[in-house]
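Structural features, examined
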Amino acid sequence: MHKQTIKTSTNQYDVVVGKDIINHIDQYLPRKYKNILVITDAEVHSLYADKVVRHLSAVTKVHVSVVPAGESSKSINQYYQLLTDAINYQLDRKSLIIALGGGMIGDLAGFVASTYMRGIDFIQVPTTILAHDSSVGGKVAINHPEGKNLIGSFYPPQAVLYDIDTLHSLPEKEIRSGYAEVVKHGFISNEDYLSDILKIDLTKALQPQILSDHIQKGIAVKASIVEQDEKESNIRKFLNFGHTLGHAIESELGYGRITHGEAVAIGMLFAIRVSEDKLASNLPFNELFQWLSSNNYPLTLPPLSVDDLINRMKKDKKSENAQVQMVLLKEIGNPIAMNVDDGELTGLLEKFLRELGS
Ligand SMILES: O=C(O)C(=O)C[C@@H](O)[C@H](O)[C@H](O)COP(=O)(O)O
């Protein structure tokens, strides 16, 4: 078992990564909670919810709310329904919400916890590779049809309990989605970590030791950034590498048409092309492209309007005065957040989409 404590200027919590955590979840939770709501999705529910409930109901009252799997559940309607559940289950300020699932569940349940009665405790129990990123750092949110994560808050969990046994039942699409964020952590931190990641073949069974090592390194990269800049006034933006176009693609296509990680993968390729153009950076575009393509990431998109994508990018949270800001790389491990003006962006995006054959 590996434990990392995240310490920011305002709070502190542990991220525990290990095996067989779900089967002993009662031992990881403080006894003080008398009423717990587990929020999960239909797929995770069928795999793990019974276990969680069985282990917790011996010590406390437990309710379960299940939402449909997929990004489209990060909606205002689903959020409202969960608040209604919390009221009906008589959760009070001393109650706990457990987010059992991937990034969508962590974001949605965390946002419910951050707003119900002005904020109650929540714990992240991630079950996907992607959640090594989303469960750490306290960003919680739901989507607006106009843009990803536009409604949200910074609301750190009380703990992250990451049972890596859950990762071995993931469908390929989920493995791809999660690994895009692992690759992102490699690009913004260091060359050795990145080249290690790009050696892995996602189409074959992942070796538990390698997977766990990649995840722990990703969490460490994220932790060190979040500890210095929890509210994203500066270096936390670097964690958004690949997300400016990635989020625009997700919302433009309609949430759930492409996974978050698959969209971020395309976004990282674009950010590399922009870095080459604006910073004359020498980055492994071809190597990343090859790796993505041999691991079956979708790299062509249905026809999308460049103007519409740019309008979406302007709604990104990094934008100021309707100016698109992107995270670029001077080199691997050396990111920078830069404004890119509309004219330049149009030309670069048209060229990039042609290059992808979209
Ligand atoms: O934690 C962060 O900060 C990140 O940017 C990590 C991203 O991978 C994650 O998808 C995050 O939720 C995106 O944040 P947003 O502020 O761009 O919505």
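Residues numbered from 1 in each chain as written. Predicted model: local features only at pLDDT ≥ 70, side-chain atom pairs only at ≥ 80, totals over all residues.

Looking at an unreviewed UniProt entry, one finds the protein named 3-dehydroquinate synthase and attributed to Gracilibacillus salinarum. The record held by UniProt for the protein lists under Pathway (unreviewed entry) the comment "Metabolic intermediate biosynthesis; chorismate biosynthesis; chorismate from D-erythrose 4-phosphate and phosphoenolpyruvate: step 2/7." In its Sequence similarities (unreviewed entry) section, the UniProt record describing the protein reads: "Belongs to the sugar phosphate cyclases superfamily. Dehydroquinate synthase family." (UniProt positions renumbered as here; feature names shortened; annotations may be inferred.)

1. Topic: the overall build of the protein
When its secondary structure is counted, the protein shows 13 helices and 11 strands. Dimensions of the protein, computed from the C-alpha atoms along their principal axes, are close to 60 × 40 × 40 Å. Within the protein, the fraction of its 358 residues that count as buried is 46%. Contacts in the protein between residues far apart in sequence, at least 24 positions, make up 74% of those at least 6 positions apart. (Helix = DSSP H or I, 4+ residues; strand = E, 2+ residues; numbered from the N terminus. Buried ≥ 20, exposed ≤ 12 C-beta atoms within 10 Å, placed from the backbone. Contact = placed C-beta atoms within 7 Å.)

2. Examining the UniProt feature "domain: 3-dehydroquinate synthase C-terminal" (unreviewed entry) in the protein
Following the UniProt record, the feature "domain: 3-dehydroquinate synthase C-terminal" (unreviewed entry) maps to residues 178-319 here. Taken end to end, residues 178-319 has its terminal C-alpha atoms 26 Å apart, with 63% of it in helix and 0% in strand.

3. Quick notes on the sheet that holds strand β1 (residues 2-7)
Here 7 strands make up an open sheet; going across it, the order is β1-β2-β9-β6-β5-β3-β4 and the pairing mixed. On the outer flanks of this sheet lie β1 and β4 (61-67), each paired with one strand and no other. Taking each pair of neighbouring strands and ignoring which way they run, the sheet shows an average axis angle of 20 degrees. Where strand β2 (residues 12-18) meets strand β9 (residues 159-163), 5 bridges bridge the pair, whose relative direction is parallel. Counted as the bridge partner of Gly 18 is Asp 163 from β9. Contacts between helix α4 (residues 103-115) and the sheet are confined to β3 (35-41), β5 (96-101) and β6 (121-126), with β5 contributing the most and set at about 170 degrees to the helix. Where helix α8 (residues 208-228) meets the sheet, its contacts fall on β1 and β2, and the angle it forms with β1 comes to roughly 15 degrees. (Pairing = 2+ DSSP bridges. Axes fitted to C-alpha atoms, helices over the stretch in contact; angles between N-to-C directions.)

4. Describing the site of the ligand
Neighbouring the ligand are 13 residues; Gly 137, Lys 139, Asn 149, Leu 239 and Asn 240 lie closest to it. Those elements that provide at least two residues to the shell around the ligand are α5 (131-134) and β8 (147-154). Along the lines of polarity and charge, the residues of the shell around the ligand split into 1 nonpolar, 5 polar and 7 charged. Split by domain, the shell around the ligand shows at least three residues from each of two domains, domain 1 (2-169) and domain 2 (172-356). (Near = placed C-beta within 6 Å. Nonpolar A, V, L, I, M, F, W, Y, C, P; charged D, E, K, R; others polar. Domains from an automatic or database assignment.)

5. What about the pairing of β9?
Counting buried positions over the 5 residues of β9 gives 5, a clear majority of the element. Covered by surrounding structure in β9 are Ala 159, Leu 161 and Asp 163 together with Val 160 and Tyr 162, the residues of both alternating faces. As judged from the 2 bridges shared by β6 and β9, these two strands associate in the parallel manner. Along β9, the bridge assignment pairs Gln 124 with Val 160.

6. Remarks on the nonpolar core
Judged by nonpolar contacts, the single largest core of 98 residues is most densely connected at Ile 39, Ile 97, Leu 100, Val 112 and Met 268. Counting residues per element, this core draws most heavily on helix α10 (residues 260-279), which supplies 10 residues. Both of domain 1 (2-169) and domain 2 (172-356) provide at least three residues apiece to this core. When neighbours within four sequence positions are excluded, Ile 97 is seen to be in contact with Leu 37, Ile 39, Ala 109, Val 112, Ala 113, Ile 120 and Phe 122. (Core = buried A, V, L, I, M, F, W, Y, C linked by C-beta atoms within 7 Å.)

7. Some points on the domain arrangement of the protein
By the assigned domains, the protein splits into domain 1 (2-169) and domain 2 (172-356). For domain 1 versus domain 2, the distance between C-alpha centres works out to 25 Å. Residue-level contacts link 29 residues of domain 1 with 29 residues of domain 2. Partitioning the side of domain 1 that touches domain 2 into residue classes produces 10 nonpolar, 14 polar and 5 charged.

8. Focus: the environment of Asn 321
For Asn 321, the location among the structural elements is in the loop between α12 (306-314) and β10 (325-331). For the pair Asn 321 and Val 67, spaced 254 residues apart in sequence, the C-alpha to C-alpha distance is 36 Å.

9. Examining helix α3 (residues 76-88)
Along its 13 residues, α3 runs 18 Å from first to last C-alpha, staying within 8% of the 18 Å computed at 1.5 Å per residue. Among the residues of α3, Tyr 79, Leu 82 and Ala 86 are the ones counted as buried. Projected down its long axis, α3 carries its buried residues within an arc of 65 degrees, all on one side. Within α3, the exposed residues directed more than 90 degrees away from the buried face are Asn 77, Tyr 80, Thr 84, Ile 87 and Asn 88. Each element contacted by the buried residues of α3 is listed here: β3, β4, α4 and β7 (139-144). One or two residues past the end of α3 sits Gln 90, with phi positive at roughly 60 degrees. (Expected span 1.5 Å × (residues − 1). Arc of directions from axis to C-beta.)

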